[in-house]
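Chain residues, written in single-letter form:
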Protein chains: 2
Amino acid sequence: MINEQYKAMLQGKSVIRQLSEFATERGKEIGYENVFDYSLGNPSVPVPSEFNEGIKEMVDTMSSMELHGYSPSVGIASVKDAIAKSLNERFGMNYTGNHIFPTSGAAGAIAHAVRCVTKPGDEVLTFAPYFPEYNPYINTSGAVLKVVPANTVDFQINFEELDKMFNENVAALLINTPNNPSGVVYSKETLTKLADYLYKKQEEYGHDIFILSDEPYREIVFDGVDAPYVSKFYDNTLSCYSYSKSISLPGERIGYVAANPKCTDAELISVICSQISRGIGHNCPSSMMQYGVARVLDKTSDMSIYEKNMNLLYNELTSLGFEVVKPGGTFYIFPKALEDDAVAFCNKAKDYDLILVPSDSFGVKGYFRMAYCIDTEKVERSLPALRKFVKECYGR
Amino acid sequence: MINEQYKAMLQGKSVIRQLSEFATERGKEIGYENVFDYSLGNPSVPVPSEFNEGIKEMVDTMSSMELHGYSPSVGIASVKDAIAKSLNERFGMNYTGNHIFPTSGAAGAIAHAVRCVTKPGDEVLTFAPYFPEYNPYINTSGAVLKVVPANTVDFQINFEELDKMFNENVAALLINTPNNPSGVVYSKETLTKLADYLYKKQEEYGHDIFILSDEPYREIVFDGVDAPYVSKFYDNTLSCYSYSKSISLPGERIGYVAANPKCTDAELISVICSQISRGIGHNCPSSMMQYGVARVLDKTSDMSIYEKNMNLLYNELTSLGFEVVKPGGTFYIFPKALEDDAVAFCNKAKDYDLILVPSDSFGVKGYFRMAYCIDTEKVERSLPALRKFVKECYGR
């Protein structure tokens, strides 16, 4: 019979996806160019041209078996080595290819990482505001996701609430910096404090506590912001990366888990991930995509548009009197709504063809997310609509 | 802490992979061309040239967002429609795109299909000889794989043993035709009898019983053999397909689940699979690979070499007095060993640089598998070694 657990999940449709569908429908009425659709975090800039050129060159020069053949179950050695080398140069790490496990994007990376360091019933803590997909990612693995309430002052970590929730069943923390939805980058101070805290807890409970560091936005960092590399701060870190955002390849499903060389069983993580893969049916991402990204490891898409859009929105929002923490990266901004009920606020915005995502599903009430990975010209055209909405609905 | 279940799996290393590694090592000593490596089922013929041409054309003509952007969570509509149309034309089915769920190969297809129609603790039956990876595929999903002993007369289904093992906890049967490792194709009579049996059992137990039909070898069928389409025989069938073998793309991880339009909740299977994906971190196979295969749905690699190799081996084996069922497809043959202990038999063969896989891990004792997806020239050169081995070790 059809599995009732998954059937029930059909009821809990993603708020983001529903809003995106609403925007598409509205676009059919008034032209999609007139819908200020801030719902989806879908990169809007092209892949670096070197990637596409690389694909064509590989098709022309590599043998069919070499290019399209089975990759080893732990990933293609030359690709793993190249990723390790690039991370070492950029972040002063000491990875070898053995610490790198290629995956189908960050979702695949988290699916492997969480199964690697938890057993059924273990708790995984994450910090609000957080990406709502963490719920299915963690809860269907057998572990249980618990959400630490937000620090709404600056969206760094709320250590007081963390300490209240910590207990011996916590096997891992799932963190995300630069953060979706807040756009905030965890500071060096935050990461140092977190590492000190976890080292203490590991000693107190006598077992490993891992950080699963979800880093798809690692390369989208704005001028003047320092985005520290999480794994530098804490040995038991598994970095979960995706090329979806940095080189605009979300549909190609390519990323990796990088195990800190000093973490427990560091040399085993990659082979254990390959065992996990057998169970969940991954068996490596596409060979062509593994080879493809290895050729452009030090490239990114031209992401200057995201910073331009952020500044336009941040300036407008602050001048309209919104409380908003300035994003340090990503393509999200997370202002406080003008009434307590963010769902009501976002519903009213729809009348002005502004598609905003209420914060409730991100684990905090009273805020909204705007994904500004859209054309700058459209952001500019949305500002009068934003002003009109605020004036007519909230008298500002 | 590192998950002990997966850590333990490291001990149970695949026999096939170990033999393949042995062959590679031996190759370093005597030259790989002198190792008659029949261990791995890795396609040896190139992808159809239209596939590679299609990739280049897409890179040149499609926008980056269109080609590399997020695919819908149920897969790309035009790809799903094209697959449905092709299956309808070839097999007289009535699929729509809604019945097709693109996956990362057959492994990904089975991972989704089994979670779709079982709940933890349910039994899934398969028939020996069977692909050993079915153990992790099924057992890590929460369901339990049970193996029905082989019918060693012709490697069709052993209905007597099936009936002995059947009980109300059986939620699905996982079948594989053309079969790895036997090479046998289930006949129309076998499939009719199986369907009749399952319809009766569904009525008896008052719940659905699904067939999960693992079909990566569906296109590799030899002259004069009729390979019936499983889903034509039984409504509650989920066909699990892979392009790995038919167009030699094993590293690109692309396949699908096709839900019989008459199965229970047929219109929901694909969306339920997309929910399952959220939990196991797939979120669709590569967009480029989805588009890529959609352009070559009616092509296959030139697979005539496999039939040529099969005939060479079948004739030699029978003339040496082996008991062997003639394969109807795939690139495997599964003869009876010349002593009861197949492991001992295959170990002796190693001294003649013949890499044969003992049948024990396929769920039947006393046989061995040869994967003849290698150059015909090498098959020819292996025959004297085979003769020498049989003569010196078994006096034939």
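What you are looking at is a predicted structure, and each value in this text was computed from that prediction instead of being measured.

Caption draft 1: Focus on the packing of aromatic side chains. Per the stated rule, a full pass over the model turns up 52 aromatic pairs over all chains. Judged by centre distance (5.5 Å) and plane angle (75°), the ring pair of Phe155(B) and Tyr367(B) falls under edge-to-face. In this pair, Phe155(B) sits in the loop between β4 (144–148) and α8 (159–165) while Tyr367(B) sits in the loop between β11 (357–358) and β12 (368–371), placing the two residues 212 residues apart along the sequence. Of the residues examined, Tyr367(B) reaches a relative accessible area of 7% and is grouped as buried. With 4.9 Å between their ring centres and 35° between their planes, Phe345(B) and Phe368(B) make a pair best called tilted. Taken as a pair, Phe345(B) in helix α13 (residues 342–350) and Phe368(B) in strand β12 lie far apart in primary sequence, 23 residues in all. Under the relative-accessibility criterion, Phe368(B) is labelled buried at 0%. Against the face of Phe22(A) rests Lys350(A), its NZ or CZ located 4.5 Å from the ring centre. The ring of Tyr32(B) is capped by Lys378(B), whose NZ or CZ atom sits 4.1 Å from the centre of that ring.

Caption draft 2: Structural context of the side chain of Ser244(B). With respect to the secondary-structure elements, Ser244(B) resides in the loop between β7 (237–242) and β8 (255–259). Discounting chain neighbours no more than four positions away, the residues touching Ser244(B) are Pro43(B), Leu249(B), Pro250(B), Arg253(B) and Ile254(B).

Caption draft 3: Layout of empty space enclosed by the protein. Using the criterion set out here, one finds 6 cavities of 30 Å³ or more in the structure. The space that makes up the largest cavity amounts to roughly 80 Å³. Lining the largest cavity are 13 residues, and of these Ser104(A), Pro285(A), Ser286(A), Ser104(B) and Ser286(B) lie nearest its centre.

Caption draft 4: Quick look at unusual backbone geometry. Looking along the chain, the bond that leaves Asn180(A) and enters Pro181(A) is cis, with omega of 20°. With respect to the helices, strands and loops of the structure, Pro181(A) is situated in the loop between β5 (170–176) and α9 (188–205). The amide bond that connects Ala128(B) to the next residue, Pro129(B), takes the cis arrangement and shows omega of -5°. Along the polypeptide, Pro129(B) turns up in the loop between β3 (123–127) and α7 (134–139). A positive phi angle, near 55°, is found at Asp265(A), a position not held by glycine. Take Asp265(A): its relative accessible area is 26%, and that puts it in the partly exposed class. The residue Phe155(B) is not glycine, and still its phi comes out positive at about 60°.

Caption draft 5: Expanded view of the interface of chain B and chain A. At the interface, 73 residues of chain B touch 73 residues of chain A. Taken over both partners, the interface formed by chain B and chain A buries close to 6,000 Å², and the fraction arising from carbon and sulfur atoms is 56%. Among the residues of chain B in contact with chain A, Met1(B), Tyr70(B) and Arg278(B) are the three that bury the most area, contributing 13% of the side total. Our enumeration of links across chain B and chain A arrives at 6 salt bridges. Note that Glu133(B) is salt-bridged to Arg278(A), the shortest N-O span being 2.9 Å.

Analysis parameters
- Residues numbered from 1 in each chain as written.
- Chains lettered and ligands numbered in written order.
- Predicted model: local features only at pLDDT ≥ 70, side-chain atom pairs only at ≥ 80, totals over all residues.
- Heavy atoms only, no water.
- Phe/Tyr/Trp six-rings, centres within 6.5 Å; stacked < 30°, edge-to-face > 60°.
- Helix = DSSP H or I, 4+ residues; strand = E, 2+ residues; numbered from the N terminus.
- Buried < 20%, exposed > 50% of the residue type's maximum accessible area, 1.4 Å probe, protein only.
- Lys NZ or Arg CZ within 6 Å of the ring centre and 35° of its normal.
- Contact = heavy atoms within 4.5 Å.
- 1 Å grid on protein atoms, 1.4 Å probe; cavity = no way out; pocket = protein on both sides within 12 Å on 5 of 7 lines; lining within 4 Å.
- Points joined across faces, edges and corners; volume = space filled by probe spheres on them.
- Buried area = accessible area lost by both parts, 1.4 Å probe.
- Salt bridge = Lys/Arg side-chain N within 4 Å of Asp/Glu carboxyl O.

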